[in-house]
Amino acid sequence: MEGHVPVLAEETLRFLEPEAGGVYLDCTFGGGGHTRLILEAADTTVVALDQDPDAARRAEAFTNEFGGRFQFRRMNFANLENLKEGPFDGILFDFGVSSFQLDQTDRGFSFRGEAPLDMRMDPESGRSAADWLASASRQELIHALRVYGEEKNWRRIADAIIEARTRSPILTTKDLSDLILSCTPARLRFTSKIHPATRAFQGIRIAVNNEIEVIELGLPAAFERLKPNGRLCVISFHSLEDRIAKNLFRRWAGRPEPGDNRPQDMRETKATLLTRRPETAGDREIAANARSRSAKLRALRKADI
Ligand SMILES: C[S@@+](CC[C@H](N)C(=O)[O-])C[C@H]1O[C@@H](n2cnc3c(N)ncnc32)[C@H](O)[C@@H]1O
């Protein structure tokens, strides 16, 4: 297993500007790549969250290495209001799944190999992908495939799932991957750059983990937890994730959101944007880490209020 390489590492540090004595919150610990950067950049303290029990196990090594400078809480960042630590000098989100989760076949995130179709980042809460597929309405299936997965073949795949589940439940990653392959036109099966099940798996994973809803809850709660002049960095991989960050950042920076025609001085300014356009990975990073290809980083500094 290769582990997880933190994306946009240099850019994250540039915008977060960790300082000695500062207290930082990493809402998506994963393999701790970004947490380590913050801990090693200066004499900082990091509180890190992750809902995945495997991430909690990886965090133990950080506790041993960094002692009191590192604390881990296993929780969903949607529940940030329950976090007793804070306020923070900087907060980071790096959305989605980690390479650990994708590579560990038995978690059910990957269409490679055969495993129970789970896909939950927190396997102790919510419904597995198998359960979700057994009961999702046609509309929910279509939304997951088309909007979350950006899958062009959404209609055929949704109908194939509905038809297949009347015969027998879709229980494993192979069941689902074979089903998707069976409705992929032969000309695309071998020519597509990505595996034909990639997008559908992504869409179903986003639905199973409520990934969009938790971002809508987590980002405003994080903003509230920032100290005056504190920095917020958000790394997204999907246009829907980025859109939520973009619109909230615009609102906090007093910029008009779509449909807001009020004069500028009627809008409250609670933050300064540090990135006008999102930062993206350069060619060298993309060559070294394919995951960085779709990464977008937005950053802001909270006003001194
Ligand atoms: C892309 S990885 C983060 C990788 C990390 N920045 C690193 O460099 O190692 C995302 C991690 O966030 C966790 N995660 C995703 N959504 C979460 C949520 N709503 N609450 C808590 N953890 C979440 C996942 O379990 C995963 O471990």
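Residues numbered from 1 in each chain as written. Predicted model: local features only at pLDDT ≥ 70, side-chain atom pairs only at ≥ 80, totals over all residues.

Visitor: Any chance you could explain the overall build of the chain here in plain terms?
Guide: A tally of regular secondary structure across the chain gives 13 helices and eight strands. Whereas a compact globule of 305 residues would reach a radius of gyration of roughly 19 Å, the chain reaches 20 Å, a difference of no more than 12%. Taken along the three principal axes of its C-alpha coordinates, the chain extends 60 × 55 × 40 Å. Residues classed as buried in the chain amount to 42% of the 305 residues present. (Helix = DSSP H or I, 4+ residues; strand = E, 2+ residues; numbered from the N terminus. Rg over C-alpha atoms; globule rule 2.2 N^0.38 Å. Buried ≥ 20, exposed ≤ 12 C-beta atoms within 10 Å, placed from the backbone.)

Visitor: For this particular structure, what's the right way to read the site of the ligand?
Guide: Around the ligand, the structure places 22 residues, and the nearest of them are Pro-6, Thr-28, Gly-30, Gly-31 and Gly-33. Counted by class, the shell around the ligand contains eight nonpolar, eleven polar and three charged residues. (Near = placed C-beta within 6 Å. Nonpolar A, V, L, I, M, F, W, Y, C, P; charged D, E, K, R; others polar.)

Visitor: How do you make sense of the packing of helix 1 (residues 9-16) against helix 2 (residues 33-41) when you look at a structure like this?
Guide: What describes two packed helices is the angle between their axes and the distance between those same axes. At a minimum axis separation of 11 Å, helix 1 and helix 2 run at an interaxial angle of 50°. Put simply, helix 1 runs oblique to helix 2. For the pair helix 1 and helix 2, the sense of crossing is right-handed. Of helix 2, the residues touching helix 1 (which contributes Ala-9, Thr-12, Leu-13 and Leu-16) are His-34, Leu-37, Ile-38 and Ala-41. A per-class count over the contact of helix 1 with helix 2 returns six nonpolar, two polar and no charged. (Axes fitted to C-alpha atoms, helices over the stretch in contact; angles between N-to-C directions. Parallel < 35°, antiparallel > 145°, perpendicular 65-115°, else oblique. Left-handed = near helix turned anticlockwise from the far one by under 90°. Contact = placed C-beta atoms within 7 Å.)

Visitor: Before we go on, may I ask you to explain the nonpolar core in this structure?
Guide: Nonpolar side chains in soluble globular proteins tend to be buried together. Residues Cys-27, Ile-91, Leu-219, Leu-232, Cys-233 and Ile-235 are the most contacted members of the largest nonpolar core, which totals 47 residues. Ignoring anything within four residues of it in the chain, the contact list for Leu-219 reads Val-234, Ile-244, Ala-245 and Leu-248. Counting residues in hydrophobic clusters, the runner-up holds 28 residues, among them Phe-109, Ala-136, Trp-154 and Ile-157. (Core = buried A, V, L, I, M, F, W, Y, C linked by C-beta atoms within 7 Å.)

Visitor: Is there a simple way to explain the domain arrangement of the chain in this structure?
Guide: Interfaces are often sized by the accessible area lost when the parts come together. Taken as a whole, the chain is organised into domain 1 (9-100 + 211-302) and domain 2 (122-208). Placing the centre of domain 1 and that of domain 2 at their C-alpha centroids yields a distance of 30 Å. (Domains from an automatic or database assignment.)

Visitor: Looking at this model, I keep getting lost on helix 12 (residues 239-252). Mind explaining?
Guide: Owing to its 3.6 residues per turn, the α-helix aligns residues three or four sequence positions apart on the same side. Between its terminal C-alpha atoms helix 12 stretches 20 Å, which fits the 20 Å expected from 14 residues at 1.5 Å a residue. The complete set of buried residues in helix 12 reads Glu-241, Asp-242, Ile-244, Ala-245, Lys-246, Leu-248, Phe-249 and Trp-252. Those residues of helix 12 hidden inside the fold are in contact with helix 11 (211-224), strand 5 (226-236), strand 6 (271-273) and strand 8 (296-302). After helix 12 finishes, the residue Gly-254 shows a positive phi value of roughly 75°. (Expected span 1.5 Å × (residues − 1).)

Visitor: Can you help me understand the pairing of strand 5 in this one?
Guide: Each regular strand shows side chains that alternate between the opposite faces of the sheet. Burial of strand 5 is extensive: eight of the eleven residues sit out of reach of the surface. Two elements, strand 4 (residues 88-94) and strand 5, share six bridges in a ladder whose sense is parallel. By the bridge assignment, Leu-92 is partnered in strand 5 with Cys-233. Of the strand pairs in this sheet, strand 5 and strand 8 are connected by six bridges, and their pairing is antiparallel. Opposite Arg-231, over in strand 8, you have Arg-301 as the bridge partner. (Pairing = 2+ DSSP bridges.)

Visitor: Could you clarify how one ought to interpret unusual backbone geometry in this entry?
Guide: Phi is mostly negative for residues that are not glycine, and the peptide bonds are mostly trans. Cis geometry marks the peptide bond from Gly-86 to Pro-87; its omega dihedral reads 0°. Even without glycine at this site, Leu-8 takes up a positive phi of about 45°. The residue Leu-8 is located in the segment before helix 1 in this model. For Asn-210, which is not a glycine, the phi torsion comes out positive at approximately 50°. You can see Asn-210 is positioned in the loop between helix 10 (198-208) and helix 11.

Visitor: What is the right way to read the pairing of strand 4 from this model?
Guide: Most of strand 4 sits inside the fold, with seven of its seven residues counted as buried. Here three bridges tie strand 1 (residues 23-26) to strand 4, and the two strands are oriented parallel to one another. Bridge pairing in strand 4 links Asp-26 to Leu-92.

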